[in-house]
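# Remarks on the overall topology
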Amino acid sequence: MSDLVLASAARSVQARRRILTHVYETPLLPARQEGLWFKAENFQLTGSFKIRGAASVMTASASDQALITASSGNHGIGSARAAQSLGRKLTVVLPESVVPEKLAKIRAYGVDVVLHGAETGLAEQHAQTLSRTTGARYVSPYNDAEVIAGQGTIGLELLEQAPRIDNLFIAMGGGGLISGIGAVIKAFSPTTRIIGAAARSSQALALSMKAGHVVDCDHDDTLADAVAGGIDEDTLTLPLAQAVVDEVVSCSEAEILSALRGLAQTENLLVEGAAALAMAAYRKLGDATQGKINVVLLCGGNFDGPKLRALALG
């Protein structure tokens, strides 16, 4: 076991103590088919795991330090909720194209909002510039040791909730989720296989893991929009993911849609596309999961209601 993995796992243990009263311990739910379980982060406060990493950063930094982040989705909402819960000063930079409902939700938590740029990448660059000029700490959605540690607290819950896990399926975006959970699981349950689910339409981390260094790729529209986009050149998640992920399963849009519909129609679970991506990877492995204890991480349940229902019930 590498020192990198053990250090990340230890940091998650510390993070859990700090954020315990600011997040919800989500349930591990049995599926209707034998051998399959769902870790239901779609029931987390704000509907996504992202509040864990944000709360970890905020509880690890000086209480008078200003914070700044950028996101038009789950990370921005989770960070705003954590800031309200912890009484922290936070600025969230959003693209000018942000969906009005998301803008309203973030503002409702009482944080400062800056609108900048046509898309999220430009908003992130502006937030990083403001961080350097103002001294506020930039809270990356994934490229931060404390964010990774906060996401890893899911792994600690799983270890208590399941006596054994053979295969754990996790969607891969920037890598904070899979590297954080993976470090914890490998530290305490090294025989558990960590299986990453990559959206074929946008799979920067998967391709970077294969190449051994950060690479860019095409980023087409995907139902799993929460995992879309590139990764930082200096991301902490790449070496961690390389150390803990046993297999990567690349899924098409048709496979993600089929999994989304299956979760809705068979399990009565309406989740966002990134959660369906993890389920798609489980389904794609087929016989390799038989006779095993399999856990699919449902990372979030935030979605465009009418659009998702039309897709899921299609």
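Here's what I pulled together on the structure shown here. The structure displayed is predicted, hence computed values, not measured ones. (Residues numbered from 1 in each chain as written. Predicted model: local features only at pLDDT ≥ 70, side-chain atom pairs only at ≥ 80, totals over all residues. Heavy atoms only, no water.)

## Some remarks on the packing of aromatic side chains
- According to the stated counting rule, one finds one aromatic pair in the structure shown.
- Relative to Tyr282, the ring of Phe169 has its centre 5.5 Å away and its plane inclined at 85°; by these criteria the two rings are edge-to-face. Taken together, the positions of Phe169 in strand β7 (residues 167-171) and Tyr282 in helix α11 (residues 273-285) put the pair 113 residues apart, joining distant regions of the chain.
- Judged by its relative accessible area of 5%, Tyr282 is buried. (Phe/Tyr/Trp six-rings, centres within 6.5 Å; stacked < 30°, edge-to-face > 60°. Helix = DSSP H or I, 4+ residues; strand = E, 2+ residues; numbered from the N terminus. Buried < 20%, exposed > 50% of the residue type's maximum accessible area, 1.4 Å probe, protein only.)

## With respect to empty space enclosed by the protein
- Within this structure, the stated rule accounts for one cavity of 30 Å³ or more.
- When its volume is computed, the largest cavity comes out at roughly 50 Å³.
- Around the largest cavity, the lining residues are Met172, Gly173, Ala198, Ser202, Gln203, Ala204, Leu205, Ala206, Val227 and Gly229.
- With three residues, the single largest contributor to the lining of the largest cavity is helix α8 (residues 204-211). (1 Å grid on protein atoms, 1.4 Å probe; cavity = no way out; pocket = protein on both sides within 12 Å on 5 of 7 lines; lining within 4 Å. Points joined across faces, edges and corners; volume = space filled by probe spheres on them.)

## Some points on the sheet that holds strand β5 (residues 112-115)
- Taking strand neighbours across the sheet as the criterion, the four strands line up as β5-β4-β3-β6 in an open arrangement whose pairing is parallel. Strands at the two margins of the open sheet, each flanked by one partner only, are β5 and β6 (137-138).
- When strand β4 (residues 90-94) meets β5, the two strands line up parallel, connected through four bridges. Note that in β5 the partner of Leu94 across the bridge is Leu115.
- Contacting β3 (67-70) and β4, helix α3 (residues 74-86) runs over the sheet at an angle of about 165° to β4.
- On top of the sheet, helix α4 (residues 100-107) reaches β4 and β5; it is set at about 150° to β5, its chief contact. (Pairing = 2+ DSSP bridges. Contact = heavy atoms within 4.5 Å. Axes fitted to C-alpha atoms, helices over the stretch in contact; angles between N-to-C directions.)

## Some remarks on α11
- Between its first and last C-alpha, α11 extends 19 Å over 13 residues, near the 18 Å set by a 1.5 Å rise per residue.
- Among the 13 residues that make up α11, eleven are buried, leaving the element largely enclosed by the rest of the structure.
- Within the span of α11, buried status applies to Gly273, Ala274, Ala275, Ala276, Leu277, Ala278, Met279, Ala280, Ala281, Tyr282 and Leu285.
- Check the buried side of α11 and you find it contacts β2 (36-40), β7, β8 (193-199), β9 (247-251), α10 (253-267) and β10 (294-298).
- Directly after α11, the chain includes Gly286, whose backbone phi takes a positive value near 55°. (Expected span 1.5 Å × (residues − 1).)

## Focus: the nonpolar core
- Membership of the largest hydrophobic core comes to 65 residues, with the highest contact counts inside it found for Phe38, Leu168, Leu277 and Val296.
- Setting aside its immediate chain neighbours within four residues, Val296 contacts Leu36, Trp37, Phe38, Lys39, Phe169, Ala278, Met279 and Tyr282.
- Counting residues in each nonpolar core, the second largest holds 23 residues, with Val23, Met58, Tyr109 and Val111 among its members. (Core = buried A, V, L, I, M, F, W, Y, C linked by side-chain atoms within 4.5 Å.)

## Quick notes on the pattern of salt bridges
- Scanning the entire structure with this criterion turns up 13 salt bridges.
- Between Glu146 and Arg11 there is a salt bridge, and its shortest N-O distance comes to 3.8 Å. Of the two residues, Glu146 sits in helix α6 (residues 145-161) while Arg11 sits in helix α1 (residues 3-19), which places them 135 residues apart along the sequence. (Salt bridge = Lys/Arg side-chain N within 4 Å of Asp/Glu carboxyl O.)

## What to know about the environment of Leu6
- Mapped onto the elements of the fold, Leu6 is located in helix α1.
- By relative accessible area, Leu6 is classed as partly exposed at 39%.
- Distance from Leu6 to Ser179, taken between C-alpha atoms, is 12 Å for residues 173 residues apart in sequence.
- Ignoring anything within four residues of it in the chain, the contact list for Leu6 reads Met1 and Ala187.

## A closer look at a negative patch on the surface
- A grouping of Asp216, Asp218, Asp220, Asp221, Glu233 and Asp234 is seen on the molecular surface, where their side chains present a negatively charged patch.
- Relative to the elements of secondary structure, Asp218 occurs in the loop between α8 and α9 (237-244).
- Residue classification places Asp218 among the exposed positions, given a relative accessible area of 63%. (Patch = residues over 30% accessible without salt bridge, like charges linked within 9 Å, V, L, I, M, F, W, Y side chains within 5 Å. Areas by Shrake-Rupley, 256 points an atom, 1.4 Å probe, with all protein chains shown as cover. Lys, Arg positive; Asp, Glu negative; His and termini not counted. Charge placed at Lys NZ, Arg CZ, Asp CG, Glu CD.)

Fair warning: the whole summary comes from geometry, so function is off the table for now.
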